[in-house]
Amino acid sequence: MRRLAIAVAMLVLTALPAQAQMLAQFNLPKNLPGNLGSSIPGLGGTGSAGKLSDADATAGLREALKVAAERTVGQVGKADGYLKDPAIRIPLPGMLAKGKTLLQAVGGAGLVDDLETRMNRAAEAAAPKAREIFVKAITDMTLQDAQGILSGPQDAATQYFRRTTNQPLTSAMRPVIDGTMRDVGALQSYRAVTDKLSALPGGGVGGLDITDHVLQKALDGLFHYIAQEEAAIRSNPAARSTELLKKVFG
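The model shown is predicted, which means the values in this text are computed figures rather than measured ones. (Residues numbered from 1 in each chain as written. Predicted model: local features only at pLDDT ≥ 70, side-chain atom pairs only at ≥ 80, totals over all residues. Heavy atoms only, no water.)

Considerations on helix 7 (residues 143-151)
Within helix 7, burial applies to Leu-143, Ala-146, Ile-149 and Leu-150. Buried positions in helix 7, seen along its axis, are confined to an arc of 120° and lie on one side of it. (Buried < 20%, exposed > 50% of the residue type's maximum accessible area, 1.4 Å probe, protein only. Helix = DSSP H or I, 4+ residues; strand = E, 2+ residues; numbered from the N terminus. Arc of directions from axis to C-beta.)

Here it is in structure tokens:
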């Protein structure tokens, strides 16, 4: 079965003569299966040792996803992984964010700062749950999925993760976030903030699912760094930490 190899070759052929620009964008393997690599100027592919099979290409994509997932979960699922990272720090939701100024004016700044800290702590506690879910998505990846990732846009792997893991991540992380928010006092802190705001003119916040807010922002943070890791593996040789990644994306 050579569909993956053909897809790679088509990407190269349709990009000529702007071949160098295409390679910089997709970092396609220089040694394609069969005689495809040697038939395209500038791609090499001589000798059976340098040829890349469908199995190698798929395995390389799986490994790339695994590396991206491990790095991401390791980065965000630790103390201050969300809280001290401006790119993914979870802010106060909606009307609470607007009411922050009101609370600051009456000496309630500490309340909102405390709530924001506890929200981020809950996300950090839940993030490690993503590891096994990402691994399952990688294991279940088909040749068709791999072909779509290889021939797709620069964030095709990230899109694959979103499509296949968003629901199981939501189910796995929600109870952890809810339980952690109770344990660290975030729900009590939330009630203290909303009670304080409700006592101020124009300070009502209405109904708000604070757990859902933290969960959605936690997922956004995970996929933010999955996308960065994917971009690094595609474009930065130093990010290809295994021989197979170097072979597939080099």
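Focus: the side chain of Glu-229
In this fold, Glu-229 is placed in helix 10 (residues 210-235). Here Glu-229 falls in the buried class, since its relative accessible area comes to 13%.

Description of the nonpolar core
Note that soluble globular proteins tend to have their nonpolar side chains buried in a common cluster. Counting 48 residues, the largest nonpolar core has Tyr-82, Phe-134, Phe-161, Met-181 and Leu-222 as the members making the most contacts within it. Those elements that provide at least two residues to this core are helix 3 (54-76), helix 5 (109-126), helix 6 (130-139), helix 7, helix 8 (156-183), helix 9 (186-198) and helix 10. When residues of this core are assigned to their parent elements, the largest contribution, nine residues, is made by helix 10. Contact partners of Tyr-82, with chain neighbours within four places excluded, come to Val-76, Ile-88, Arg-89, Ile-90, Asn-120, Ala-123, Glu-124, Ala-127, Lys-217, Ala-218, Gly-221 and Leu-222. (Core = buried A, V, L, I, M, F, W, Y, C linked by side-chain atoms within 4.5 Å. Contact = heavy atoms within 4.5 Å.)

Looking at unusual backbone geometry
Phi is positive for Asp-80, close to 70°, though the residue is something other than glycine. When its relative accessible area of 27% is taken as the criterion, Asp-80 is described as partly exposed.

Topic: the packing of aromatic side chains
Applying the stated criterion to the full structure yields three aromatic pairs. Judged by centre distance (6.4 Å) and plane angle (70°), the rings of Phe-134 and Phe-223 are edge-to-face. Here Phe-223 lies in helix 10 and Phe-134 lies in helix 6, a separation of 89 residues in the sequence. Accessibility classification places Phe-134 together with Phe-223 in one group, the buried group. Each ring, one from Tyr-160 and one from Phe-161, has its centre 6.3 Å from the other, and the planes form 45°; the classification is tilted. Residue Tyr-160 shares its accessibility class with Phe-161, and that shared class is buried. (Phe/Tyr/Trp six-rings, centres within 6.5 Å; stacked < 30°, edge-to-face > 60°.)

Describing the pattern of salt bridges
Taken as a whole and assessed by the stated rule, the structure comprises 11 salt bridges. One salt bridge connects Arg-121 with Asp-80, and the closest N-O pair in it is separated by 2.9 Å. Of this pair, Arg-121 sits in helix 5 while Asp-80 sits in the loop between helix 3 and helix 4 (94-105), and the two are 41 residues apart along the sequence. Here Arg-121 falls in the partly exposed class, since its relative accessible area comes to 29%. Taking the shortest distance from any N to any O, the salt bridge between Asp-220 and Arg-162 comes out at 4.0 Å. (Salt bridge = Lys/Arg side-chain N within 4 Å of Asp/Glu carboxyl O.)

Observations regarding the environment of Leu-115
In this fold, Leu-115 is placed in helix 5. Residue class for Leu-115 comes out buried when judged on its relative accessible area of 0%. Between the C-alpha atom of Leu-115 and that of Ala-186, which follows or precedes it by 71 residues, the distance is 5.8 Å. Residues in contact with Leu-115, not counting those within four places in the same chain, are Leu-92, Leu-96, Ala-186, Ser-189, Tyr-190 and Val-193.

Some points on the confidence of the model for the protein
Within the protein, residue pLDDT values average 74, and 65% of them lie at 70 or more. Residue range residues 1-50 is modelled with pLDDT below 50. Its contacts to residues more than four positions away, or to other chains, number 86 contacts. (pLDDT = per-residue confidence, 0-100.)

Let's talk about the packing of helix 8 against helix 10
Running from N to C, helix 8 and helix 10 cross one another at 145°; their axes reach a closest spacing of 9 Å. The handedness of the crossing between helix 8 and helix 10 comes out as right-handed. Its residues assigned to classes, the contact of helix 8 with helix 10 shows 16 nonpolar, five polar and seven charged. (Axes fitted to C-alpha atoms, helices over the stretch in contact; angles between N-to-C directions. Left-handed = near helix turned anticlockwise from the far one by under 90°. Nonpolar A, V, L, I, M, F, W, Y, C, P; charged D, E, K, R; others polar.)

Quick look at the environment of Lys-217
Its place among the elements puts Lys-217 in helix 10. Setting aside residues no more than four positions away along its own chain, Lys-217 makes contact with Tyr-82 and Ile-90.

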